[in-house]
Amino acid sequence: MRAALRALHAMTRDGQRAVAVLGEMAELGEHAAQVHREIGQQAAAIGAGWLVAIGGTNADQYATGATGSGTAVDRAADVPQAWELLRDGLRPGDVVLVKASNSAGLLALADKLIEEPGAVTAQA
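## Digging into the packing of helix H1 (residues 2–11) against helix H2 (residues 32–45)
For step 1, the next point in the chain: Between H1 and H2, the least distance of the axes is 10 Å, while the angle of their chain directions is 10°. By the angle class used here, H1 and H2 are roughly parallel. Of the residues in H2, those touching H1 at Arg2, Leu5 and Arg6 are Glu38, Ile39, Gln42 and Ala43.
For step 2, the next point in the chain: Each residue belonging to the contact of H1 with H2 can be placed in one class, and the counts come to three nonpolar, one polar and three charged.

The structure is reproduced here in structure tokens:
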């Protein structure tokens, strides 16, 4: 997750908005809340203009970590709700990272971002 956020930062050029779409990370045990909060802080620190946190309690920690940083933060309970946010909120030129544990099911969201005609502009 940390490496992916660094990659998002590296791929974002002047005038583009970095968008971090983050689902919950699994198997972190007792440190889960702290690690999710730190990732939210890192998303803000790399200059993400928008953080979409998807999932339950641990996704709330992403939002807590990024709050007050200048990064816009939205919460989505699940992939359909996240799709609605992204469909309505993405702008031309945005650089989007979609990242979570495989169990979070965000692969379907990433596919939809690429395949949905007219909804977004995907770049390989």
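## Some remarks on helix H4 (residues 79–89)
For step 1, the next point in the chain: Those residues of H4 that fall on the buried side of the exposure criterion are Val79, Ala82, Trp83 and Leu86. The buried residues of H4 occupy an angular sector of 105° when projected down its axis, which confines them to one face. More than 90 degrees from the buried face of H4, the exposed residues found are Pro80 and Asp88.
For step 2, the next point in the chain: Sitting at the amino-terminal end of H4 is aspartate 78, which places a side-chain oxygen 3.0 Å from the backbone nitrogen of glutamine 81.

## Details of the packing of H2 against helix H3 (residues 57–66)
For step 1, the next point in the chain: Two elements in contact, H2 and H3, have axes separated by 6 Å at closest approach and are oriented at 40°. Relative to H3, H2 is oriented oblique. Crossing of H2 over H3 shows right-handed handedness. On H3, the residues that touch Ala32, Ala33, His36, Arg37, Ile39, Gly40, Gln41 and Ala44 of H2 are Asn58, Gln61, Tyr62, Thr64, Gly65 and Ala66.

## Looking at the nonpolar core
For step 1, the next point in the chain: The biggest cluster of nonpolar side chains holds 21 residues, and the ones touching the most others in it are Leu5, Leu8, Leu22, Ile39 and Tyr62.
For step 2, the next point in the chain: For this core, the secondary-structure elements that each account for two or more residues are H1, strand S1 (18–23), H2, strand S2 (50–54), H3 and strand S4 (95–99).
For step 3, the next point in the chain: In this structure, Val19, Trp50, Val79 and Trp83 belong to the second largest nonpolar core, which totals 15 residues.

## Description of the pattern of salt bridges
For step 1, the next point in the chain: The tally for this structure, following the rule as stated, stands at five salt bridges.
For step 2, the next point in the chain: A salt bridge links aspartate 60 to arginine 75, with the shortest nitrogen-to-oxygen separation between them at 2.4 Å. Of this pair, aspartate 60 sits in helix H3 while arginine 75 sits in strand S3 (residues 72–76); the two residues are 15 residues apart in sequence, bridging distant segments of the chain.
For step 3, the next point in the chain: Using a relative accessible area of 33% as the deciding quantity, one classes aspartate 60 as partly exposed.
For step 4, the next point in the chain: Glutamate 84 is the salt-bridge partner of arginine 87, the closest N and O atoms lying 2.7 Å from each other. Of this pair, arginine 87 and glutamate 84 both sit in helix H4, three residues apart, which is roughly one turn of the helix.
For step 5, the next point in the chain: Residue glutamate 84 is classed as partly exposed on the basis of its relative accessible area, which comes to 35%.

Reading the values: the criteria
Residues numbered from 1 in each chain as written. Predicted model: local features only at pLDDT ≥ 70, side-chain atom pairs only at ≥ 80, totals over all residues. Heavy atoms only, no water. Axes fitted to C-alpha atoms, helices over the stretch in contact; angles between N-to-C directions. Helix = DSSP H or I, 4+ residues; strand = E, 2+ residues; numbered from the N terminus. Parallel < 35°, antiparallel > 145°, perpendicular 65-115°, else oblique. Contact = heavy atoms within 4.5 Å. Nonpolar A, V, L, I, M, F, W, Y, C, P; charged D, E, K, R; others polar. Buried < 20%, exposed > 50% of the residue type's maximum accessible area, 1.4 Å probe, protein only. Arc of directions from axis to C-beta. Polar contact = N/O pair within 3.5 Å; in protein donor to acceptor, adjacent residues only side chain to side chain. Left-handed = near helix turned anticlockwise from the far one by under 90°. Core = buried A, V, L, I, M, F, W, Y, C linked by side-chain atoms within 4.5 Å. Salt bridge = Lys/Arg side-chain N within 4 Å of Asp/Glu carboxyl O.

Remember, this is a structural readout, not a statement about activity or role.
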